[in-house]
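Here is how the chains run, residue by residue.
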Amino acid sequence: DYRLQLLTQIARTLGLQGRFDEAHLLLDEVESSLDAPPSVARVRYLLERGRALRSSGKSAQATPLFEEAFAVGRRIGADYHAVDAAHMVALAVDSTEARRHWSLLGIEIAATSAQPRARHWLGSIQNNLGWDYHESGDYELALKMFQQALAARVEEEDEEAIGIARWCVARCYRSLDRIDEALTIQLGL
């Protein structure tokens, strides 16, 4: 299982380099070695196959893989990977309603999981959802998400991510015509 998981992560690096054919070949090897019972290796295989497809412009083919990764992750109690899968579905779907549904589902699982590692996803998903609301003109909901993302980043103590999250809050203040508050944050950055 560990070896198969490692191979999925090597495939991920190949995909990040745009070497999709090589990534898929490696994922084919993983797929042929997976046992029938659900496992973390299966979840990671589904995630990385989906990522390779999405990154190569095939989001429609990737979405069912992310959905299956989510279902398997939930079934085996792998919250970190289940939230990752929900996050990826939200990135892959075209529908605003579906994107928000999957984002909120990921946030709920990450926030309530007994697995501390799952909380890692909060800032990313809240930030993405904040921009989704912002782009649709729902600035109050966007601000709420950006503030929650900032709190998550502070909890993680990631200074670079905290700076980005503060900038997002300030940007949303500008959209809400709360210029003085936005300027104070921006000057602090």
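Parameters and conventions
- Residues numbered from 1 in each chain as written.
- Predicted model: local features only at pLDDT ≥ 70, side-chain atom pairs only at ≥ 80, totals over all residues.
- Heavy atoms only, no water.
- Patch = residues over 30% accessible without salt bridge, like charges linked within 9 Å, V, L, I, M, F, W, Y side chains within 5 Å.
- Areas by Shrake-Rupley, 256 points an atom, 1.4 Å probe, with all protein chains shown as cover.
- Salt bridge = Lys/Arg side-chain N within 4 Å of Asp/Glu carboxyl O.
- Lys, Arg positive; Asp, Glu negative; His and termini not counted.
- Charge placed at Lys NZ, Arg CZ, Asp CG, Glu CD.
- Helix = DSSP H or I, 4+ residues; strand = E, 2+ residues; numbered from the N terminus.
- 1 Å grid on protein atoms, 1.4 Å probe; cavity = no way out; pocket = protein on both sides within 12 Å on 5 of 7 lines; lining within 4 Å.
- Points joined across faces, edges and corners; volume = space filled by probe spheres on them.
- Nonpolar A, V, L, I, M, F, W, Y, C, P; charged D, E, K, R; others polar.
- Core = buried A, V, L, I, M, F, W, Y, C linked by side-chain atoms within 4.5 Å.
- Buried < 20%, exposed > 50% of the residue type's maximum accessible area, 1.4 Å probe, protein only.
- Contact = heavy atoms within 4.5 Å.
- Phe/Tyr/Trp six-rings, centres within 6.5 Å; stacked < 30°, edge-to-face > 60°.
- Expected span 1.5 Å × (residues − 1).
- Axes fitted to C-alpha atoms, helices over the stretch in contact; angles between N-to-C directions.
- Parallel < 35°, antiparallel > 145°, perpendicular 65-115°, else oblique.
- Left-handed = near helix turned anticlockwise from the far one by under 90°.

Caption draft 1: Structural view of a negative patch on the surface. Taken together, the side chains of Glu157, Asp158, Glu159 and Glu160 define an acidic patch exposed on the protein surface. The residue glutamate 160 is located in helix α9 (residues 159-175) in this model.

Caption draft 2: Quick look at the layout of surface pockets. Looking at the largest pocket, its volume works out to about 160 Å³. If you trace the largest pocket, you find it lined by Ala11, Arg12, Gly15, Leu16, Ala23, Leu27, Glu48, Arg51, Ala52, Arg54, Ser55 and Met88. Sorting the residues of the lining of the largest pocket by element identifies α1 (2-16), α2 (20-33) and α3 (40-55) as the ones contributing at least two each. Per element, the largest residue contribution to the lining of the largest pocket is 5 residues, and it comes from α3. Here the lining of the largest pocket is composed, by residue class, of 6 nonpolar, 2 polar and 4 charged.

Caption draft 3: Structural detail: the nonpolar core. Residues Leu47, Phe66 and Phe70 are the most contacted members of the largest nonpolar core, which totals 52 residues. Counting residues per element, this core draws most heavily on helix α5 (residues 79-92), which supplies 9 residues. Among all residues touching phenylalanine 66, those that are not within four sequence positions of it are Leu47, Gly50, Arg51, Arg54, Ala85, Met88, Val89 and Ala92.

Caption draft 4: Highlighting the pattern of salt bridges. Counted according to the given criterion, the structure contains 13 salt bridges. Between arginine 12 and glutamate 48 there is a salt bridge, with its nearest N and O atoms 3.8 Å apart. With arginine 12 in helix α1 and glutamate 48 in helix α3, this residue pair connects regions lying 36 residues apart in the sequence. Judged by relative accessible area, which is 3%, glutamate 48 ranks as buried. Arginine 49 is the partner of aspartate 28 in a salt bridge, and the nearest nitrogen-oxygen pair spans 2.7 Å. Here arginine 49 lies in helix α3 and aspartate 28 lies in helix α2, a separation of 21 residues in the sequence. Taking relative accessible area as the criterion, arginine 49 reaches 8% and is therefore assigned buried. Among the charged side chains, a salt-bridge network with shared partners connects Arg12, Glu48, Arg51 and Asp84.

Caption draft 5: Structural view of the packing of aromatic side chains. By the definition in use, this model includes 4 aromatic pairs. A centroid spacing of 5.1 Å and a plane angle of 90 degrees characterise the contact between phenylalanine 70 and tryptophan 102, whose relative ring orientation is edge-to-face. Residue phenylalanine 70 is found in helix α4 (residues 59-76), and its partner tryptophan 102 is found in helix α6 (residues 96-112); the two are separated by 32 residues along the sequence. On the accessibility criterion, phenylalanine 70 (12% relative accessible area) is buried.

Caption draft 6: Broad picture of a nonpolar patch on the surface. Side chains of Tyr2, Leu6 and Ile10 sit close together on the surface and give an oily, nonpolar patch of about 330 Å² of accessible area. On the secondary structure map, isoleucine 10 appears in helix α1. Judged by relative accessible area, which is 38%, isoleucine 10 ranks as partly exposed.

Caption draft 7: View of α3. Here α3 contains 16 residues, and its C-alpha end-to-end distance of 22 Å stays within 8% of the 22 Å for a straight helix at 1.5 Å per residue. Just downstream of α3, glycine 57 is the residue with a positive phi angle, here 90 degrees.

Caption draft 8: Up close: the packing of α4 against α5. Contact pair α4 / α5: the axes reach a minimum separation of 8 Å and the direction vectors enclose 155 degrees. Taken together, the axes of α4 and α5 lie roughly antiparallel to each other. Here α4 runs over α5; the crossing is left-handed. Contacts from Ser59, Thr63, Phe66, Glu67, Ala69, Phe70, Gly73 and Arg74 in α4 reach Asp79, Ala82, Ala85, Ala86, Met88, Val89 and Ala92 in α5. In terms of residue class, the contact of α4 with α5 is built from 9 nonpolar, 3 polar and 3 charged.

That is the geometry; function is a separate question.
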